[in-house]
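For reference, the chains in residue letters:
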Amino acid sequence: MAMDSSSIKDMILREGIDLVGIADAGDLLLAHPARPPRSLMPSAKSVIVMAVAHSLGSVYAPDIRLWTRNKMQTSRLLDQVAEKVGRSLERQGFLSLPVSADKPVEIHKRDPITGRKLNRTKVLGQLSLKHAAVSAGLGNIGRSNLLITERFGPHVRLCAIITSAVLEPDTPRVGDPCPQACRRCEDACPVGALKEGRYNVDPCFQYWSWGFGLLPPATLGAWPAYLKMLLAHNRSRDFVVEFGQTMITDVDNCIACMKACPMGSEWKRLRP
Ligand code: B12
Ligand code: SF4
Ligand code: SF4
């Protein structure tokens, strides 16, 4: 395999990946707190970012667990291709680090920069795949806080390979991907985590993890309402069995913002 961008992209697309782009490792759009590729691999020169589209049927399925299964399979395909391409690059003398589409992630009770105790635990990817995807020209971040791609809208899963190979980078897309009047993701969010173009991670994390509409109380006065909510959930849910299932299949409780988004030219003929 010749060491140029287009042959690597062809190889990746032949493996069933839908979108691929390349970014300069030294010039990556970073999130907060920053996780630059060179902090993970000092010799990094390029970041290859890949996306696989979800099946739209699973996005619209009434039971989110059907989507979760689809998520796991898209992650598996991405991770397998990242391993294969990464190993192929290493055989040609380029150190390569696949960054999984899935967990595990960093879990912080303290701010990793200041050491200050955070009021709520935060989780963090070792590399922000969304930001890497923007740098690699795959799309832009919309009001939903998700990457919006031209062909598949936000209905994609992402994965990356950091490599010491110098590859021709793609041009990042600029501009807001959202139609001006659209607020569908904000209207769809069950806990108001998306408001006026801003994303609040805490209520989203709580709802995504447990389906709870309230955050664990920060004050004494908030406990009665929180306990009432827990009891209401407990009447119809078996948390022990749910926890067991989550351990096995990484269940999600929400994709409402993704589901509500009308973007993606490929889906025009398929949308209900
Ligand atoms: C952790 C995580 C979550 C967490 C936390 C989200 C978050 N933004 O932090 C939870 C579980 C809540 C979550 C929810 C969702 N996620 Co998620 N998630 C990730 C993961 C693993 C890392 C995200 C990350 O670290 N980003 C980098 C941070 C730095 O940037 P940020 O998101 O802009 O900023 C947040 C943090 O900085 C944090 N934060 C704020 N202040 C502070 C302070 C400190 C000290 C710390 C430590 C953190 C922190 O909050 C910020 C947002 O306000 C990525 C995969 C990856 N490795 O990138 C997938 C990923 C972003 N998720 C994805 C998806 C699809 C979802 C969901 C739809 C849920 C689902 N069912 O899958 C929702 C969407 C929520 C939304 N509208 O953004 C996809 C997005 C695909 C796309 N098209 O964009 C990704 C890329 C996974 C993938 N492999 O494709 N996610
Ligand atoms: S995943 Fe659900 S809770 Fe989180 S921002 Fe999207 S709609 Fe809101
Ligand atoms: S639902 Fe509308 S506002 Fe939200 S991300 Fe999609 S296009 Fe943008």
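Note that the structure is a prediction, hence the values are computed from the model and not measured. (Residues numbered from 1 in each chain as written. Chains lettered and ligands numbered in written order. Predicted model: local features only at pLDDT ≥ 70, side-chain atom pairs only at ≥ 80, totals over all residues.)

(A) Expanded view of the overall build of the protein. The helix and strand tally for the protein stands at 10 helices and 10 strands. Over its C-alpha trace the protein gives a radius of gyration of 20 Å, about what one expects of a compact globule, namely 19 Å for 272 residues. For the protein, the spread of C-alpha atoms along the three principal axes comes to 65 × 50 × 40 Å. Each of the 272 residues in the protein was classed as buried or not, and the buried ones make up 33%. Long-range contacts, defined as pairs at least 24 residues apart, comprise 69% of the intrachain contacts of the protein with a sequence gap of at least 6. (Helix = DSSP H or I, 4+ residues; strand = E, 2+ residues; numbered from the N terminus. Rg over C-alpha atoms; globule rule 2.2 N^0.38 Å. Buried ≥ 20, exposed ≤ 12 C-beta atoms within 10 Å, placed from the backbone. Contact = placed C-beta atoms within 7 Å.)

(B) Region of the structure containing the site of ligand 2. With respect to spatial proximity, the complete set of residues near ligand 2 consists of A188, C189, P190, V191, A193, L194, C204, Y207, W208, C254, A256 and C257. Contributions of two or more residues to the shell around ligand 2 are made by helix 7 (201-210) and helix 10 (256-260). Per-element tally for the shell around ligand 2: the top contributor is helix 7, with 3 residues. Grouping the constituent residues of the shell around ligand 2 by class yields 12 nonpolar, no polar and no charged. (Near = placed C-beta within 6 Å. Nonpolar A, V, L, I, M, F, W, Y, C, P; charged D, E, K, R; others polar.)

(C) Seen up close, unusual backbone geometry. Cis rather than trans, the peptide bond between H32 and P33 has omega equal to -10 degrees. Of note, P33 is situated in the loop between strand 1 (19-24) and helix 2 (37-40). Between K103 and the following residue, P104, the backbone shows a cis peptide bond with an omega angle of 5 degrees. Looking at where P104 falls in the secondary structure, it is placed in the loop between strand 3 (96-99) and strand 4 (106-110). Even without being a glycine, D250 presents a positive backbone phi close to 55 degrees. Judged by the 14 C-beta atoms lying within 10 Å of it, D250 falls in the partly exposed class.

(D) Representation of the domain arrangement of the protein in the model. Segmenting the protein into domains produces domain 1 (5-179) and domain 2 (184-249). Averaged C-alpha coordinates put domain 1 and domain 2 at centres separated by 26 Å. Counting residues at the interface gives 8 residues for domain 1 and 9 residues for domain 2. Secondary-structure elements contributing two or more residues to the side of domain 1 that touches domain 2 are helix 4 (64-91) and strand 5 (117-124). (Domains from an automatic or database assignment.)

(E) Local environment of the site of ligand 3. Looking at ligand 3, there are 13 residues lining it, with G142, C178, C182, C185 and C261 nearest. Its residues assigned to classes, the shell around ligand 3 shows 8 nonpolar, 2 polar and 3 charged.

(F) View of the sheet that holds strand 8 (residues 156-163). Across the sheet, which stays open at both edges, the 4 strands sit in the order 1-2-8-3 with antiparallel pairing between neighbours. The open sheet has two edge strands, strand 1 and strand 3, and neither has a second partner. Each neighbouring strand pair of the sheet contributes to a mean axis angle of 20 degrees, computed without reference to strand direction. Seen against the sheet, helix 4 touches strand 2 (46-53), strand 3 and strand 8 and runs at an angle of roughly 15 degrees to strand 8. (Pairing = 2+ DSSP bridges. Axes fitted to C-alpha atoms, helices over the stretch in contact; angles between N-to-C directions.)

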